[in-house]
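Fold and contact review
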Amino acid sequence: MPQLATYLGLLHHAEQTLTDSFVTVGHGHQAEVDVYHTCESLARMSLEHEKQLAPVVARYGEQRRGEDVEEPERLHAAGVAEVRAGPVGLLRDLQDLYLLATLVHSCWTVVLQAAQGTRDQELIEIAQTCMGETSRQLTWLQTRIKVAAPQALLVAP
């Protein structure tokens, strides 16, 4: 199942990128206490997803970027390497996290469909759990974007 290995590689990389990006945004916007603490929690959640992938990767393998992976390579998303300053910067950083989390969620969706096709109960359970937690990450990001937008866009600096 080489294509499943390709998507497992994409998913693993996307979860790692999301973990690192949550940490970067949380630390970069630590003056916003809720952002700092929630990003730390959500980073731990993504890190746990990476750990849960380990037995699946051991079973099916994993193709990573640069390993003759052509088409999915275009799906790679760069993480948040540094944060932007100010309220608009926070808003943009939250949007970047939202895009990364959406990529992770869609990868879990694809992997869940493959798990159902192979009747791999362990992978089905992992994918359902992690997809649900990624939905929670997306919900928080969307809510925090809604909170940040009026302040960033309407209040003079």
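The structure contained in this document is the topic of the report that follows. Remember, it's a predicted structure, so these values are computed and weren't measured experimentally. (Residues numbered from 1 in each chain as written. Predicted model: local features only at pLDDT ≥ 70, side-chain atom pairs only at ≥ 80, totals over all residues. Heavy atoms only, no water.)

**Comments concerning the environment of Leu 8**
- Within the element layout of this structure, Leu 8 appears in helix 1 (residues 2-28).
- A relative accessible area of 0% means that Leu 8 is categorised as buried.
- Considering only alpha carbons, one finds Leu 8 and Ala 54, 46 residues apart in sequence, at a separation of 9.9 Å.
- Not counting chain neighbours up to four residues away, the residues in contact with Leu 8 comprise Leu 53, Val 56, Val 57, Tyr 60, Gly 61, Glu 62 and Val 111. (Helix = DSSP H or I, 4+ residues; strand = E, 2+ residues; numbered from the N terminus. Buried < 20%, exposed > 50% of the residue type's maximum accessible area, 1.4 Å probe, protein only. Contact = heavy atoms within 4.5 Å.)

**Observations regarding the pattern of salt bridges**
- Within this structure, the stated rule accounts for six salt bridges.
- For Glu 32, the salt bridge goes to Arg 144, with nearest N and O atoms at 3.1 Å. Taken together, the residues Glu 32 in the loop between helix 1 and helix 2 (33-60) and Arg 144 in helix 4 (residues 121-154) connect sequence positions 112 residues apart.
- Arg 144 gets classed as buried once you look at its relative accessible area, which sits at 7%.
- A salt bridge links Arg 59 to Glu 122; its shortest N-O distance comes to 2.8 Å. Of the two residues, Arg 59 is situated in helix 2 and Glu 122 in helix 4; the sequence distance between them amounts to 63 residues.
- A single salt-bridge network, built from bridges that share partners, covers Glu 32, Asp 34 and Arg 144. (Salt bridge = Lys/Arg side-chain N within 4 Å of Asp/Glu carboxyl O.)

**Some points on the side chain of Gln 137**
- If you trace the backbone, Gln 137 turns up in helix 4.
- There is a polar contact of 3.0 Å between the side chain of Gln 137 and the backbone oxygen of Leu 42.
- Filtering out sequence-adjacent residues up to four positions away, Gln 137 remains in contact with Leu 18, Phe 22, Leu 42, Met 45 and Ser 46. (Polar contact = N/O pair within 3.5 Å; in protein donor to acceptor, adjacent residues only side chain to side chain.)

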